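Analysis of the macromolecular model
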Protein chains: 4
Amino acid sequence: MIKENIKKKGVDIKVKKVGILGATGYAGQQLLWLLRNHPNVEIEFIASYSHGGQDFSRIYGNYFGEFTKVCIPNTDVKERLGDIDLLFIALPHGKAFEITQMALDRGVRVVDLGADFRLDDSEKYEEWYGKTCDGKKNLSEAVYGLTELNREKIRESRLVANPGCYPTASLLALIPLLKRGLIQSNSIIIDAKSGVSGAGRGSVTQTLMCECSETIKAYAVTTHRHTPEIEQEASKVANEEVKLTFTPHLVPMNRGILSVIYGDLKREIDDESLRKLYEKEYSGEKFIRIKEELPETRWVKGGNYCDISVKVDKRTGRVIVVSAIDNLVKGAAGQAVQNMNLMFGFEEATAIDFISIFP
Amino acid sequence: MIKENIKKKGVDIKVKKVGILGATGYAGQQLLWLLRNHPNVEIEFIASYSHGGQDFSRIYGNYFGEFTKVCIPNTDVKERLGDIDLLFIALPHGKAFEITQMALDRGVRVVDLGADFRLDDSEKYEEWYGKTCDGKKNLSEAVYGLTELNREKIRESRLVANPGCYPTASLLALIPLLKRGLIQSNSIIIDAKSGVSGAGRGSVTQTLMCECSETIKAYAVTTHRHTPEIEQEASKVANEEVKLTFTPHLVPMNRGILSVIYGDLKREIDDESLRKLYEKEYSGEKFIRIKEELPETRWVKGGNYCDISVKVDKRTGRVIVVSAIDNLVKGAAGQAVQNMNLMFGFEEATAIDFISIFP
Amino acid sequence: MIKENIKKKGVDIKVKKVGILGATGYAGQQLLWLLRNHPNVEIEFIASYSHGGQDFSRIYGNYFGEFTKVCIPNTDVKERLGDIDLLFIALPHGKAFEITQMALDRGVRVVDLGADFRLDDSEKYEEWYGKTCDGKKNLSEAVYGLTELNREKIRESRLVANPGCYPTASLLALIPLLKRGLIQSNSIIIDAKSGVSGAGRGSVTQTLMCECSETIKAYAVTTHRHTPEIEQEASKVANEEVKLTFTPHLVPMNRGILSVIYGDLKREIDDESLRKLYEKEYSGEKFIRIKEELPETRWVKGGNYCDISVKVDKRTGRVIVVSAIDNLVKGAAGQAVQNMNLMFGFEEATAIDFISIFP
Amino acid sequence: MIKENIKKKGVDIKVKKVGILGATGYAGQQLLWLLRNHPNVEIEFIASYSHGGQDFSRIYGNYFGEFTKVCIPNTDVKERLGDIDLLFIALPHGKAFEITQMALDRGVRVVDLGADFRLDDSEKYEEWYGKTCDGKKNLSEAVYGLTELNREKIRESRLVANPGCYPTASLLALIPLLKRGLIQSNSIIIDAKSGVSGAGRGSVTQTLMCECSETIKAYAVTTHRHTPEIEQEASKVANEEVKLTFTPHLVPMNRGILSVIYGDLKREIDDESLRKLYEKEYSGEKFIRIKEELPETRWVKGGNYCDISVKVDKRTGRVIVVSAIDNLVKGAAGQAVQNMNLMFGFEEATAIDFISIFP
């Protein structure tokens, strides 16, 4: 591992200790993969609901011989909070409230990859998620962890609500338009497509290979929980209320999200001007790549990049923004590491500084 | 084969003779597959540009031992027109003009699966396809072969312009709304997703398995040639000019198109009322299935069905229509057979009356 | 449907009534698909362990609007035996003993797609399957339903043990060599590869798309339960005891089995002579296709064919036989229909007389 | 990139300069991917036959913004030999002879990923490859680059013939048995399965997604060019002539090789003893992992590992060895880097020290 190589060379390196709660899900495992290569991080423990007591490398055979930790049960995490500087939580919604409170009380910082602290308004949470919000007192402190949007706040934060995968791809594509008031705020439609890993590792019929390898479907049309999350952040950026239509799809690939966004332009503008405007907005952002070519998820698979292209449909006066991310990296674990790097003052790209392995 | 079984039983059956031009492409081959099972059709010849002189079952090994015809060169078709009642043309655009004229002159009816006779306006054809329209004199006679829309005209037609795959899925989903003036005619956005067979059987890097099996992309954004075709027919149905945004995608599956259509509702209406309205519109249509559940391409793969579901996004006042077809069947060869059945007075569902083989 | 078409024409047709036990698994569903198109069969009931009381077309959406039967619970089948002429059983091993006895007692013929009546020797069953054989008294009556091997016995049989998918592909490839004593009986190695549908529709982690779409593995090495089944039938054909090595694999595709078989030749022979010998052996067999080209599962996908090619490795004195079938058709439901056709005196290819839909 | 990070910290690092010939094929590109992360390597140039003059990041979009080199034409390489310490060649067979001679003459070391220097016997090369061997004078100097077998020779070598993908997987699995004379040397059968990237990036019909995504086939049965390569090295290890049967397959996945090897044991031995023997043989080898569980290609995808499991089939007296590698990494570019590391005295695992990204 890179970490050890560097240490061997006698370079003095700051190291922080972290734990991962929910390490055996796809996002948790991706997080572990990234953190193992992080020169400034020690993984103190990994915890799992379903695999407590099991050798991690028996669950994910790629770790065989290279990673020997045994999963502790989720319930043991509270006793291990004293050992760590930061806790990553990768659990289903509703499961992060209690342990987050405990962690903060112990002075442990938290990056929550789930949805529990993303919505500012607890009523909205309860309406869309159908669960009681048991973390109200921490909502105001939680920083929405879309790195490129909230970098400075994240640095100082004790609690980062890591964005959802669809919101990450969609907001990064929308921000330059919203900031400049270039589109009608009520005209936005997001048609997003996700690989199957977004549905998680639970054993359900609908994600069996035979059920989803030769098909595409839209799902949760008009009701997907990422809708209020996107609207909340879009509204802040636009400085007016944004209500939009969001349609997610399940695509027969393992990884990747492609988000295609439609909006009515308020004034005439051409492709090139828009692209320059995007390049300016994201100038200096390593992980945002503005392309002339239309993005494809293969070019970001496994990496932390968000590729964006923007086109004007002159015939109809609409703009079409296409963005691509890896749902498990920039859409989850990669952005979580990016945020942790900010929180600890590490170089922001540490351990996520590689491009997609292709094919 | 079913055809022979029935004949053996001594039932008297009307038989028509057909030829297929472009039989070795994916659409041509699908057409051959269907016609082999048609009790009223004799396949007189199959022609191929790239495989003239070759045994068809060497190209498509599933036919081994069951189909012994050799492909004739495309150029030989004109001499064989006297042998057939109807010619199917499955060629790239620009290639159908001359042979169609010859066929019509010889009293042979034509179903063209390509684009050459779909657009009423030859200037639009030349603008979007970048080719001279050499078939102007036949444009007014050509009937747009969306079966459910133009059934009666198709019966009498000598020349049917079989619709594109995207337009088939999109128009069938839009027609009930357009007919009733339920949506703003300038608000329509079509976000459509196609399997790789839609890109054809040509050997190009971008459809190699390694290049497209783990990725999704949008392509031809704002410029796809099916746009004017959809607009033309939508405008006729709506009785006003429809300009819309159309975005196609390439999805890592072999077959299928999912079309997701957004429009602004002119008045409030709920899901159930809309669904009933769709059911009424398509009452009696065997191949249109209105579903509460969202369509998935797997349920129509290999079949001639178009599954449609319609949802209202109350929060934004939009309607979202989702439709699924098999691009090679209802989107090409199946609809061509359906049209031929009408033209010859056969039962409309003959030889296309089966559901998807799954998984 | 073809069935109704024919009836409408007033042809007099013999019709038999059947039931399907285990209709919602992949094999059961494939069987239903085939039987719906069978002109001489009425499906009286379909039964399901997990989906009793549910509309079949809600489970498999391709049937929507075309098939309206509700699954009865498996436990209700015994009361419906009086309504049928034949019962198809598609259940896990150990579940067919009791209902088979009941069916036979009622004069209902049985085709069991499971393993319970395949092994002649109940001790072998108990050793390899780890279950008590509760059907001993019916073992001697059961006919091993490899159609091409046992056609005459099947015609008269009350109880057909439909072969396993791997044994079907492997035995059809081996029979010509074994019959003629061309290979050393102790030299046989079968390296077989199956699509994921062979693992069934149960919700288990290992058949999730993300877990098996980009990987291949061997499994059950030296211990797979199809080993004694292949050995039993191979030994009968060879007229000496055959012990062989069988290695199955899971391949990232939905359907298909490719079986590659190695054996030491007893004497020199060349490719062409061997191929002719195979052609002679299977002369007149519609569903066995001897090819010069190496078989590929795509050419038999969805069809009832078994494609076979045979090659001599002169350098080592070995023969290599490659066979391809669709595991759900020739390897399960298709062969079951083929056997039923024999049992009822229907034309053998009825309802299975179509080639693979490609791609 | 890691390289720059380390340099910034002021650590003194030895750096070598390399060029890649054939950089736009799948193996060449994988090599570039790995070398970019290598702290001791500068990529001086990349050359391409088909893409000379093009920006590499236009061909492989994952490099966009991160790698700005333009491909030089292959023909320009000879003029750039003075700039480099080592040349990687990733060209079709027959293309490496001349440039290798030029490089050696200029004092540039060579790692050839192709087949031109793998066979010791030029007649065998000409027989199996159907080309004249124009590199005879360098054959004796070339070291067969199976790292674990020839580590010490590789260190000193000027010319390394990097092994083929199938031979790498097969030989690593066979060596412990052959060294100890545990199997009959004439009993070996290798049944190997490869992902589609092994077929290269050329635009040919048979590797189109639609043609190979739902199928498996054996190919080049008895005639594959990797046969003499495996036999040559196996014979050296066994110290007797080994003739074997090798059957490759094309599997619908992008990456990975699974090699399943059968051999007759000379004496009784059980699974555990054999596994221990393998563990001992490969003790200290980072990239060889002996597993109880059967290997799956997903656990090595993208990594440089070779996972091996060994099972005894007591009933037949055979041993079955299963090995898995990534064809583009351990089977090509990864092993090339491993060899380069040895040649330059770098730590052997540098830049290839990471595990598979999953899923």
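Reading the values: the criteria
Residues numbered from 1 in each chain as written. Chains lettered and ligands numbered in written order. Predicted model: local features only at pLDDT ≥ 70, side-chain atom pairs only at ≥ 80, totals over all residues. Heavy atoms only, no water. Domains from an automatic or database assignment. Contact = heavy atoms within 4.5 Å. Buried area = accessible area lost by both parts, 1.4 Å probe. Salt bridge = Lys/Arg side-chain N within 4 Å of Asp/Glu carboxyl O. UniProt positions renumbered as here; feature names shortened; annotations may be inferred. Helix = DSSP H or I, 4+ residues; strand = E, 2+ residues; numbered from the N terminus. Axes fitted to C-alpha atoms, helices over the stretch in contact; angles between N-to-C directions. Parallel < 35°, antiparallel > 145°, perpendicular 65-115°, else oblique. Nonpolar A, V, L, I, M, F, W, Y, C, P; charged D, E, K, R; others polar. Polar contact = N/O pair within 3.5 Å; in protein donor to acceptor, adjacent residues only side chain to side chain. Least-squares fit on C-alpha atoms with pLDDT ≥ 70 in both. Phe/Tyr/Trp six-rings, centres within 6.5 Å; stacked < 30°, edge-to-face > 60°. Buried < 20%, exposed > 50% of the residue type's maximum accessible area, 1.4 Å probe, protein only. Lys NZ or Arg CZ within 6 Å of the ring centre and 35° of its normal. Pairing = 2+ DSSP bridges. Left-handed = near helix turned anticlockwise from the far one by under 90°. Right-handed = clockwise from strand over helix to strand, strands pointing away.

All names here are of chain A. Split into domains, chain A comes out as domain 1 (2-141) and domain 2 (166-327). Just the C-alpha atoms count here: the centres of domain 1 and domain 2 sit 27 Å apart. Facing 14 residues of domain 1, the contacting portion of domain 2 comprises 14 residues. Both sides of the domain 1 and domain 2 interface together cover about 1,300 Å² of buried area, and 49% of this is carbon and sulfur. Here domain 1 is connected to domain 2 by two salt bridges. Its salt-bridge partner being E229, residue R118 comes within 3.2 Å of it at the nearest N-O pair.

Once that is clear, we can look at the UniProt feature "active site" (unreviewed entry) in chain A. All names here are of chain A. Within this numbering scheme, the UniProt entry marks C165 as carrying the feature "active site" (unreviewed entry). With respect to the helices and strands, C165 occurs in helix 9 (residues 165-179). If sequence neighbours within four positions are ignored, C165 has contacts with H226, I257, I325, N327 and G331.

Take the packing of helix 9 (residues 165-179) of chain D against helix 12 (residues 271-281) of chain D next. Residues and elements named next belong to chain D. Contact pair helix 9 / helix 12: the axes reach a minimum separation of 10 Å and the direction vectors enclose 105°. It follows from the interaxial angle that helix 9 and helix 12 lie roughly perpendicular. Where helix 9 abuts helix 12, its residues A173, I175, P176, L177 and K179 lie against L274, L277, Y278 and E281. Classifying every residue of the contact of helix 9 with helix 12 gives seven nonpolar, no polar and two charged.

Between chain A and chain B, the contact holds 50 residues from the first and 50 residues from the second. If you sort the residues of chain A by the area they bury against chain B, E214, I216 and R315 of chain A come out on top, with a joint share of 18%. Counting across the chain A and chain B interface gives six salt bridges. Counting the contacts that link chain A with chain B gives 30 residue pairs in polar contact (both at pLDDT 80 or more). When residues of the side of chain A that touches chain B are traced back to their parent elements, those giving at least two are strand 8 (189-194), helix 10 (209-212), strand 9 (217-218), helix 11 (226-238), strand 10 (245-250), strand 11 (257-264), strand 13 (306-313) and strand 14 (318-325) of chain A. When its residues are assigned to classes, the side of chain A that touches chain B shows 23 nonpolar, 12 polar and 15 charged.

For the rest of this paragraph, the subject is the relation of the copies chain C and chain D. Between the two copies of the chain lies a relationship made up of a rotation around an axis and a movement along it. When chain C is brought onto chain D, the operation consists of a screw motion whose angular component is 180° and whose axial shift is 0.0 Å, with 0.0 Å RMSD remaining. When the rotation and shift are considered jointly, the pair of chain copies conforms to a two-fold rotation axis. When C-alpha distances to the rotation axis are compared across chain C, the minimum falls at P252 of chain C, with a value of 3.1 Å. When the interface residues of chain C are mapped onto chain D, 100% of them again fall at the interface, so both copies present the same face.

On to the packing of aromatic side chains, then. For the structure on display, the rule yields 60 aromatic pairs over all chains. Between the aromatic rings of Y63 of chain D and F67 of chain D, the centroid separation amounts to 5.8 Å while the plane-to-plane angle is 65°, which identifies the pairing as edge-to-face. Under the relative-accessibility criterion, Y63 of chain D is labelled buried at 0%. We classify F67 of chain D as buried; its relative accessible area is 7%. Members of the aromatic cluster, joined through ring pairs, are Y26, F56, Y60, Y63 and F67 of chain A together with W299 and F358 of chain D. Of note, K286 of chain C hangs over the ring of F287 of chain C, and the distance from its end group to the ring centre comes to 5.9 Å.

Let us now look at the interface of chain C and chain D. One widely used convention gives an interface's size as the accessible area the parts lose upon coming together. Between chain C and chain D, the residue contacts involve 50 residues of the former and 50 residues of the latter. Between chain C and chain D the total buried area reaches about 4,100 Å² when both faces are included, carbon and sulfur atoms providing 56% of it. Area buried by chain C at its contact with chain D is led by E214, I216 and R315 of chain C, which between them contribute 18% of it. Taken together, the links from chain C to chain D amount to six salt bridges.

With that settled, consider the sheet that holds strand 1 (residues 16-21) of chain B. Spatially, the seven strands line up as an open sheet ordered 3-2-1-4-5-7-6 (chain B), and their pairing is parallel. Each end of this open sheet is capped by a strand with a single partner; those strands are strand 3 (72-73) and strand 6 (143-144) of chain B.

The next point concerns helix 5 (residues 97-105) of chain A. Turning to helix 5 of chain A, its buried residues are F97, I99, T100, Q101, A103 and L104 of chain A. G107 of chain A sits one or two positions beyond helix 5 of chain A and adopts a positive phi of about 80°.

Turning our eyes to something else, we now look at the pattern of salt bridges. Under the defined criterion, the tally for this structure stands at 112 salt bridges over all chains. The salt bridge involving D326 of chain A is made with R255 of chain A; its shortest N-O contact spans 2.9 Å. Here the residue D326 of chain A occupies a position in the loop between strand 14 and helix 13 (329-344), and R255 of chain A occupies one in the loop between strand 10 and strand 11, the gap between them amounting to 71 residues. By the burial criterion, D326 of chain A is buried, and R255 of chain A matches it. Across the salt bridge formed by D307 of chain C and R289 of chain C, the nearest N and O atoms sit 2.7 Å from each other. Taken as a pair, D307 of chain C in strand 13 (residues 306-313) and R289 of chain C in strand 12 (residues 288-290) lie far apart in primary sequence, 18 residues in all. Taken as a pair, D307 of chain C and R289 of chain C share a single burial class, namely buried.

Residues and elements named next belong to chain C. With their axes 10 Å apart at the nearest point, helix 9 (residues 165-179) and helix 11 (residues 226-238) run at an angle of 25° to one another. When the interaxial angle is binned, helix 9 and helix 11 end up roughly parallel. Seen along the crossing, helix 9 lies across helix 11 with a hand that is right-handed. Packed against helix 9, whose contacting residues are C165, Y166, P167, S170, L171, I175, L178 and K179, the element helix 11 presents H226, E229, I230, E233, A234, V237 and A238 at the interface.

All names here are of chain B. Residues of strand 4 (residues 86-89) alternate between two faces, with L86 and F88 on one and L87 and I89 on the opposite face, all of them buried. Across four bridges, strand 1 lies against strand 4 in parallel orientation. Paired with V18 across the two strands is L86, which belongs to strand 4. Pairing between strand 4 and strand 5 (residues 109-112): four bridges, direction parallel. Bridging from a neighbouring strand, L86 pairs with R109 of strand 5. The handedness of the strand 4 to strand 5 crossover, carried by helix 5 (residues 97-105), is right-handed.

What follows covers the relation of the copies chain A and chain B. Each copy of the sequence occupies a distinct position, and chain A is placed on chain B by a rotation of 180° and an axial shift of 0.0 Å, giving an RMSD of 0.0 Å. An overlap of 100% is found between the interface residues of chain A and their copies at the interface of chain B, pointing to a shared contact surface.

As a further point, take the environment of G303 of chain A. All names here are of chain A. Structurally, G303 is set in the loop between strand 12 (288-290) and strand 13. Spatially, the C-alpha atom of G303 lies 9.0 Å from that of L328, the residues being 25 residues apart in sequence. Contact partners of G303, with chain neighbours within four places excluded, come to D326, V329, K330 and F354.

Take the side chain of S259 of chain A next. All names here are of chain A. Following the sequence through the fold, S259 ends up in strand 11. A polar contact is formed between the side chain of S259 and the side chain of S170, at a distance of 3.0 Å. In contact with S259, not counting residues within four places along its chain, are A169, S170, I190, D191, A192, V321, V322 and S323.

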